[in-house]
Amino acid sequence: MTGQRRLVAAVVVAVTVGAAAVALGVALLLGDIVDLRSAAGDTLRTGDYLAATINVERAVIDAETGLRGYVITGEKQFLAPTVAARGELQRAAVALERAADNEGAFVARATALAASARAYMTGYVPRVTRQVATHAAAAQSVATTTLGKQLVDGIRTQTAQLEQLISARQAARQLSARHSANHAVTVAIVVLIVLTALTLALGGLLGWLLLGRERARERAAFLAESGALLDRGATADEVLETFAELALERSEEHTLNSSHITIS
């Protein structure tokens, strides 16, 4: 009865330790998975932020390209890229401001870039377009051309600075995501090793306890049998002879079992 209680207690302890190890490992893995999902969402937002910044610059360059063609030739078909860029810029500027708010970073720079692009598109472009029709020489003057170049170059500089900041932020998040992924792999490996070790330990413990229980059963059977045989002795010599035979038989069985275990 005592051996059975020991067996049950040992099994309960082993299962409890294994369950605690599994729970801890699963908790760590879930934490890493949450971090990876969060990092993935942050990376996507940063990508949208970067794309919106680039789209603002692209719209301004398209508008300037069409405008220069119109100034030089006076042909209105050259204004097609400028007209298309006007709508694209408005959408890109709104997307940039929204992305900056969602990201919560570099909002002032993003707002300034959107304002500069809108000012160029709503101020400089219409003024030069009117000059081509009313005063072509003024539209083609060095001062007007230089002003346009300065405005576009300023927008491109703002874009480059904002792109650099966003790219650095994205790189840092990607590095953090890689660290989380590596940590998750490490935790998974450790959990697997711990579970394997616990499984082996539990198997060994159960085998040892079962073996001890079997030996205890054999000893009890031997003692019961021996007691019955000794009770049959009529004299002290018969009892001593029976006891010697039982001891020799027990010794031989023990030696045989030990040899069998060693060979196995």
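Asker: Please clarify how the overall build of the chain should be interpreted in this entry.
Answerer: When its secondary structure is counted, the chain shows six helices and zero strands. With 264 residues in all, the chain has 25% of them scored as buried. Approximately 16,400 Å² of the chain is accessible, and the part contributed by carbon and sulfur atoms is 64%.

Asker: Even after reading the chapter, I still don't get the environment of Leu 162, so can you show me in this structure?
Answerer: Relative to the elements of secondary structure, Leu 162 occurs in helix H5 (residues 142-231). Residue Leu 162 is classed as buried on the basis of its relative accessible area, which comes to 1%. Put simply, Leu 162 and Leu 113 are 49 residues apart on the chain and 8.7 Å apart in space, counted from C-alpha to C-alpha. Not counting residues up to four positions away in its chain, the partners in contact with Leu 162 are Tyr 49, Thr 53, Leu 96, Phe 106, Arg 109, Ala 110 and Leu 113.

Asker: Sorry, what's going on with helix H2 (residues 80-103) here?
Answerer: Structural remark: α-helix, 3.6 residues per turn; residues separated by three or four positions point the same way. Its 24 residues give H2 an end-to-end C-alpha distance of 34 Å, which sits within 8% of 34 Å, the value for a rise of 1.5 Å per residue. The largest bend along H2 measures about 25 degrees and falls at Arg 86. Positioned one or two residues after H2, Gly 104 has a phi angle of 70 degrees, which is positive.

Asker: Please clarify how the environment of Thr 111 should be interpreted in this entry.
Answerer: If you trace the backbone, Thr 111 turns up in helix H3 (residues 107-134). The partly exposed category is assigned to Thr 111, whose relative accessible area is 40%. Considered as a pair, Thr 111 and Arg 98 are 13 residues apart in the sequence and their alpha carbons are 9.8 Å apart.

Asker: Sorry if this is basic, but what is going on with the packing of H2 against H3 here?
Answerer: Describing two packed helices takes the angle between their axes plus the distance from one axis to the other. Two elements in contact, H2 and H3, have axes whose closest approach is 9 Å; the angle formed by their N-to-C orientations is 165 degrees. Accordingly, the angle class assigned to the pair H2 and H3 is roughly antiparallel. The crossing of H2 and H3 is left-handed. Residues Thr 82, Ala 85, Arg 86, Leu 89, Gln 90, Ala 93, Val 94, Leu 96, Glu 97, Ala 100 and Asp 101 of H2 form the contact with H3, whose own contacting residues are Val 107, Ala 110, Leu 113, Ala 114, Ala 117, Arg 118, Met 121 and Val 125.

Asker: Before we go on, may I ask you to explain the nonpolar core in this structure?
Answerer: Core analysis: the biggest nonpolar cluster contains 33 residues, and Tyr 49, Leu 67, Leu 96 and Tyr 120 have the highest contact counts within it. Secondary-structure elements contributing two or more residues to this core are helix H1 (2-73), H2, H3 and H5. Ignoring anything within four residues of it in the chain, the contact list for Leu 67 reads Leu 79, Thr 82, Tyr 120, Tyr 124, Val 125, Val 128 and Thr 129.

Asker: I'm lost on the packing of aromatic side chains in this one. Help?
Answerer: In total, this model carries one aromatic pair according to the counting rule given. When the centroid spacing of 5.7 Å and the interplanar angle of 20 degrees are considered together, the rings of Tyr 120 and Tyr 124 count as stacked. Residue Tyr 120 and its partner Tyr 124 are both found in helix H3; the two are separated by four residues, about one turn of the helix. Of the two residues examined, Tyr 120 and Tyr 124, each falls in the buried class.

Asker: Quick question: what am I supposed to make of a nonpolar patch on the surface here?
Answerer: Residues Val 185, Ile 189 and Ile 193 make up a contiguous nonpolar surface patch of roughly 280 Å² in combined accessible area. Within the secondary structure, Ile 193 is located in helix H5.

Asker: When you look at the pattern of salt bridges in this model, what are you seeing that I'm missing?
Answerer: Within this structure, the stated rule accounts for six salt bridges. Salt-bridge contacts for Glu 57 lead to Arg 156; the nearest nitrogen and oxygen are separated by 3.7 Å. Residue Glu 57 is found in helix H1, and its partner Arg 156 is found in helix H5; the two are separated by 99 residues along the sequence. Among the residues examined, Glu 57 registers a relative accessible area of 16% and is labelled buried. Between Glu 103 and Arg 169 there is a salt bridge whose closest N-O contact spans 2.7 Å. Of the two residues, Glu 103 sits in helix H2 while Arg 169 sits in helix H5, which places them 66 residues apart along the sequence. It is possible to trace a salt-bridge network through shared partners that takes in Arg 45, Glu 103 and Arg 169.

Asker: Please explain H3 as it appears in this structure.
Answerer: When the terminal C-alpha atoms of H3 are compared, their 40 Å separation across 28 residues agrees well with the 40 Å that a helix rising 1.5 Å per residue should span. Within H3, the axis deviates most sharply at Tyr 120, by approximately 30 degrees. Every buried residue belonging to H3 is among Ala 110, Leu 113, Ala 114, Ala 117, Tyr 120, Met 121, Tyr 124, Val 125, Val 128, Gln 131 and Val 132, and all of these are buried.

Conventions and cut-offs
- Residues numbered from 1 in each chain as written.
- Predicted model: local features only at pLDDT ≥ 70, side-chain atom pairs only at ≥ 80, totals over all residues.
- Heavy atoms only, no water.
- Helix = DSSP H or I, 4+ residues; strand = E, 2+ residues; numbered from the N terminus.
- Buried < 20%, exposed > 50% of the residue type's maximum accessible area, 1.4 Å probe, protein only.
- Areas by Shrake-Rupley, 256 points an atom, 1.4 Å probe, with all protein chains shown as cover.
- Contact = heavy atoms within 4.5 Å.
- Expected span 1.5 Å × (residues − 1).
- Bend = angle between axes of the 7 residues up to and from the residue.
- Axes fitted to C-alpha atoms, helices over the stretch in contact; angles between N-to-C directions.
- Parallel < 35°, antiparallel > 145°, perpendicular 65-115°, else oblique.
- Left-handed = near helix turned anticlockwise from the far one by under 90°.
- Core = buried A, V, L, I, M, F, W, Y, C linked by side-chain atoms within 4.5 Å.
- Phe/Tyr/Trp six-rings, centres within 6.5 Å; stacked < 30°, edge-to-face > 60°.
- Patch = residues over 30% accessible without salt bridge, like charges linked within 9 Å, V, L, I, M, F, W, Y side chains within 5 Å.
- Salt bridge = Lys/Arg side-chain N within 4 Å of Asp/Glu carboxyl O.

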